[in-house]
Amino acid sequence: MEFLHSVIEAFSNCCLNCREEEARAGEATERSPLLQQQDQRNQTLQIRRISENNIDENEISTSFPTREKDEQTALSRIVQETNSNIIDVSALDTHHMLEQSEYNDRVKLYNQRLAQQWNNIPVPELGYNGLLKDMPNPEILLNFNPTTEELAIAKNFVKEAAQAINDMKIDNQDDLVVPFHFK
Amino acid sequence: MESKLDNVLDSMMQTENTIGVLIADNQGLSYGTRGVANSQAGGLITAIADQAAKIHPNLDAPVIILETENTSVTISKYGFHTGAIYKRKSQSKK
């Protein structure tokens, strides 16, 4: 009887273990190997990186067997990108280093050239550009406003003249009918 | 016939500092001139008066005064006629 009990217990334990393993297949258990888990994390990280580099995730999952190749291409791409992004300041300095004397010489040369070019450019004359440029002293003229008397005289003159013109009549001095004498 | 116009022009010439007068119609034809006024200036004077009158079409035609150092020309418009009075600058104004 005791033997039977132990057998049933062993069976049930085995089955429970199986169920637990099935349930925890996707998760990390205390029995799952640590190194393998690290591998899986690396894989997911790698996939994320590559997906950031505008590569389709499906393509990676399908080409999973050739993972090493992908890693190499990704690595080379990263190296290229960093290489293009880096500006090597020290290398630039060594190429374009100027001596102090040379720098001064160049300053002089450029100043000379600028002066020459300025002389060649025809600069428009900045004379007085106004309405009253013909007037020698516009201030004096503008100081005196026309008086109302002057304006009245002018208006009255034109009014009288216009009336005189309208009153113009042709004076009849000779006869309208002139007799012609033909001989 | 034009004695009345002559009288108006002559009386205008009698006023102080006046050195010339001109009267022209709306076409710029000079009807009469006195003194320094040139009858050929009638067209110009009429054109100036017409342009100035366009600034405020609803108001009466303005009086325009062209000033130089020694003389001034006062242009006025009445109806279809434009008159100009040439004046010497009085010494007190200088």
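Residues numbered from 1 in each chain as written. Chains lettered and ligands numbered in written order. Predicted model: local features only at pLDDT ≥ 70, side-chain atom pairs only at ≥ 80, totals over all residues. Heavy atoms only, no water.

- As annotated in an unreviewed UniProt entry, chain B is Late endosomal/lysosomal adaptor and MAPK and MTOR activator 5 from Polypedilum vanderplanki.
- The heading Sequence similarities (unreviewed entry) in the UniProt record of chain B holds the text "Belongs to the LAMTOR5 family." (UniProt positions renumbered as here; feature names shortened; annotations may be inferred.)

- Labelled according to an unreviewed UniProt entry, chain A appears under the name Ragulator complex protein LAMTOR1, originating from Polypedilum vanderplanki.
- UniProt's Sequence similarities (unreviewed entry) comment on chain A is quoted here verbatim: "Belongs to the LAMTOR1 family."

### Looking at the environment of Leu22(B)
Residues and elements named next belong to chain B.
Okay, so step 1: Tracing the backbone through its elements, the reader meets Leu22 in strand β1 (residues 18–25).
Okay, so step 2: Classification of Leu22 as buried rests on a relative accessible area of 0%.
Okay, so step 3: Considered as a pair, Leu22 and Gly83 are 61 residues apart in the sequence and their alpha carbons are 5.6 Å apart. (Helix = DSSP H or I, 4+ residues; strand = E, 2+ residues; numbered from the N terminus. Buried < 20%, exposed > 50% of the residue type's maximum accessible area, 1.4 Å probe, protein only.)

### So, the pairing of β1(B)
Residue and element names in this part refer to chain B.
Okay, so step 1: Counting buried residues in β1 gives eight out of eight residues, a clear majority hidden from the surface.
Okay, so step 2: Note that β1 and strand β5 (residues 81–88) share seven bridges and pair antiparallel. By the bridge assignment for β5, Ile23 is matched with Gly83.
Okay, so step 3: As paired elements, β1 and strand β2 (residues 30–35) share five bridges and run antiparallel to each other. (Pairing = 2+ DSSP bridges.)

### A look at the sheet that holds β2(B)
Okay, so step 1: Here we have five strands laid out as an open sheet, ordered β2-β1-β5-β4-β3 (chain B), and antiparallel in their pairing. Either end of the sheet is taken by a strand with one partner, and the two such strands are β2 and β3 (64–67) of chain B. Going across the sheet, the axis of each strand differs from the next one's by a mean of 10 degrees, ignoring polarity.
Okay, so step 2: Two elements, strand β4 (residues 71–78) of chain B and β5(B), share eight bridges in a ladder whose sense is antiparallel. Residue Tyr78(B) lies in a different strand from β5(B), and its bridge partner there is His81(B).
Okay, so step 3: Where helix α8 (residues 148–166) of chain A meets the sheet, its contacts fall on β1, β2, β3, β4 and β5 of chain B, and the angle it forms with β5(B) comes to roughly 135 degrees. (Axes fitted to C-alpha atoms, helices over the stretch in contact; angles between N-to-C directions. Contact = heavy atoms within 4.5 Å.)

### Some details on the pattern of salt bridges
Okay, so step 1: Here the structure, examined in full by the defined rule, presents seven salt bridges over all chains.
Okay, so step 2: We note a salt bridge from Arg67(A) to Glu71(A), for which the minimum N-O separation is 3.8 Å. Of the two residues, Arg67(A) and Glu71(A) are both situated in helix α4 (residues 67–85); the distance of four residues between them amounts to about one turn of the helix.
Okay, so step 3: Judged by relative accessible area, Arg67(A) falls into the partly exposed class, the value being 33%.
Okay, so step 4: A salt bridge links Asp6(B) to Arg34(B); the shortest N-O distance between them is 3.0 Å. Taken together, the positions of Asp6(B) in helix α1 (residues 3–14) and Arg34(B) in strand β2 put the pair 28 residues apart, joining distant regions of the chain.
Okay, so step 5: In this structure Asp6(B) comes out as partly exposed when scored by relative accessible area, which is 27%. (Salt bridge = Lys/Arg side-chain N within 4 Å of Asp/Glu carboxyl O.)

### Things to note about the interface of chain B and chain A
Okay, so step 1: Of the residues lining the interface, 28 residues belong to chain B; the matching set on chain A comes to 25 residues.
Okay, so step 2: For the chain B and chain A pair, buried surface summed over both sides reaches about 2400 Å², with 75% attributable to carbon and sulfur atoms.
Okay, so step 3: Across the contact surface, chain B and chain A share one salt bridge.
Okay, so step 4: Connecting chain B to chain A are one residue pair in polar contact (both at pLDDT 80 or more).
Okay, so step 5: A class-by-class count of the residues in the side of chain B that touches chain A yields 14 nonpolar, six polar and eight charged. (Buried area = accessible area lost by both parts, 1.4 Å probe. Polar contact = N/O pair within 3.5 Å; in protein donor to acceptor, adjacent residues only side chain to side chain. Nonpolar A, V, L, I, M, F, W, Y, C, P; charged D, E, K, R; others polar.)

### Examining the packing of α8(A) against α1(B)
Okay, so step 1: The contact between α8(A) and α1(B) brings their axes to 8 Å, and the two run at 165 degrees. One element, α8(A), and the other, α1(B), form an angle in the roughly antiparallel class. In terms of crossing hand, the pair formed by α8(A) and α1(B) is left-handed. Together, Ile153(A), Phe157(A), Glu160(A), Ala161(A), Ala164(A) and Ile165(A) of α8(A) and Lys4(B), Leu5(B), Val8(B), Leu9(B) and Met12(B) of α1(B) make up the contact between the two elements.
Okay, so step 2: Each residue belonging to the contact of α8(A) with α1(B) can be placed in one class, and the counts come to nine nonpolar, no polar and two charged. (Parallel < 35°, antiparallel > 145°, perpendicular 65-115°, else oblique. Left-handed = near helix turned anticlockwise from the far one by under 90°.)

### Thoughts on the side chain of Lys87(B)
Okay, so step 1: Examined against the element boundaries, Lys87(B) turns out to sit in strand β5.
Okay, so step 2: There is no salt bridge for the buried Lys87(B), and the closest opposite charge comes from Glu150(A), which lies 4.8 Å off by N-O distance.
Okay, so step 3: Contacts of Lys87(B), omitting those with residues within four sequence positions, involve Glu150(A), Glu16(B), Asn17(B), Thr18(B), Ile19(B), Asn70(B), Thr71(B) and Ser72(B). (Lys, Arg positive; Asp, Glu negative; His and termini not counted.)

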